[in-house]
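What follows is each chain in one-letter form.
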Amino acid sequence: MTKFTVNNQPVSYKLDPATPLLWALRDASNLTGTKYGCGTGACGACTVDIDGTAVRSCQVTIGGVEGTFVTTIEGLTAEGNHPVQQALIAENVVQCGYCIPGIVMNAAALLRKNRNPSDEDIMGAITNLCRCGIYPRLIEAIGRAARVARGDEEITIDRGIPVETGEE
């Protein structure tokens with residue numbers, strides 16, 4: 001039995017320890033926000049946070065993460081109001097949305113380590129693939145999320161719609 005913590009809840013899986021973390025999360029824990037994209041770790045759709053680091057969950061086994069703390073998109077915030085999530089909405093970044101959970105997890109890990117990332121820092125850290133081509137807006141949104149996380153800016157979202165306060 002493999003044991004670790006997922007979204008602040010202890011879990012134990014009666015699965016083969018060689019099972020990819022992605023499938024344990026999706027199939028055994030019904031945490032389907034973590035997406036299957038390529039299965040090779042190239043696209044980043046399956047990115048989760050393991051002990052503070054963004055990791056492609058299709059590339060690690062549950063046996064390899066025993067004793068760790070795993071956070072999925074469902075566990076990032078209880079209300080879905082992480083600064084990265086708010087900024088992606090406010091900047092109209094999301095198109096089809098399939099890659100977004102992985103991008104959010106990767107960006108959240110970046111902002112925990114670097115509270116004032118440059119555009120180059122963001123481009124270097126966000127290696128997720130997006131078929132919709134959101135990259136220019138994504139860079140702007142992550143920069144905005146950094147400002148929100150630092151307390152330099154505020155985003156108000158009402159029923160999924162950004163509310164402009166007129167303050168700049």
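Remember, it's a predicted structure, so these values are computed and weren't measured experimentally.

Chemist: Is there a simple way to think about the overall build of the protein in this case?
Modeler: When its secondary structure is counted, the protein shows 6 helices and 7 strands. Along its sequence from the N terminus, the protein presents helices and strands in the succession β-β-α-β-β-β-α-α-α-α-α-β-β. For the protein, the C-alpha radius of gyration of 16 Å lies close to 15 Å, the compact-globule estimate for 168 residues. The dimensions of the protein, computed from C-alpha atoms along their principal axes, are 55 × 30 × 30 Å. Across the 168 residues of the protein, 44% fall into the buried class. Within the protein, residue pairs in contact and separated by at least 24 positions form 58% of the contacts whose partners lie at least 6 positions apart.

Chemist: Help me out: how do you make sense of the side chain of Thr47 in this one?
Modeler: Structurally, Thr47 can be placed in strand β3 (residues 47-50). Within the structure, Thr47 has its side chain in polar contact with the backbone oxygen of Gly44 (distance 2.7 Å). Not counting the four nearest positions on each side in its chain, Thr47 is found in contact with Ala54, Val55, Arg56, Gly102, Met105, Asn106 and Asn128.

Chemist: Even after reading the chapter, I still don't get the environment of Thr40, so can you show me in this structure?
Modeler: Topologically, Thr40 is positioned in the loop between α1 (21-28) and β3. Through-space distance from the C-alpha of Thr40 to that of Asn92 is 29 Å; in sequence the pair is 52 residues apart. When residues no more than four places from it in sequence are discounted, the contact partners of Thr40 are Cys58 and Gln59.

What counts and how
- Residues numbered from 1 in each chain as written.
- Predicted model: local features only at pLDDT ≥ 70, side-chain atom pairs only at ≥ 80, totals over all residues.
- Heavy atoms only, no water.
- Helix = DSSP H or I, 4+ residues; strand = E, 2+ residues; numbered from the N terminus.
- Rg over C-alpha atoms; globule rule 2.2 N^0.38 Å.
- Buried < 20%, exposed > 50% of the residue type's maximum accessible area, 1.4 Å probe, protein only.
- Contact = heavy atoms within 4.5 Å.
- Polar contact = N/O pair within 3.5 Å; in protein donor to acceptor, adjacent residues only side chain to side chain.

Honestly, it's all geometry; don't read function into it.
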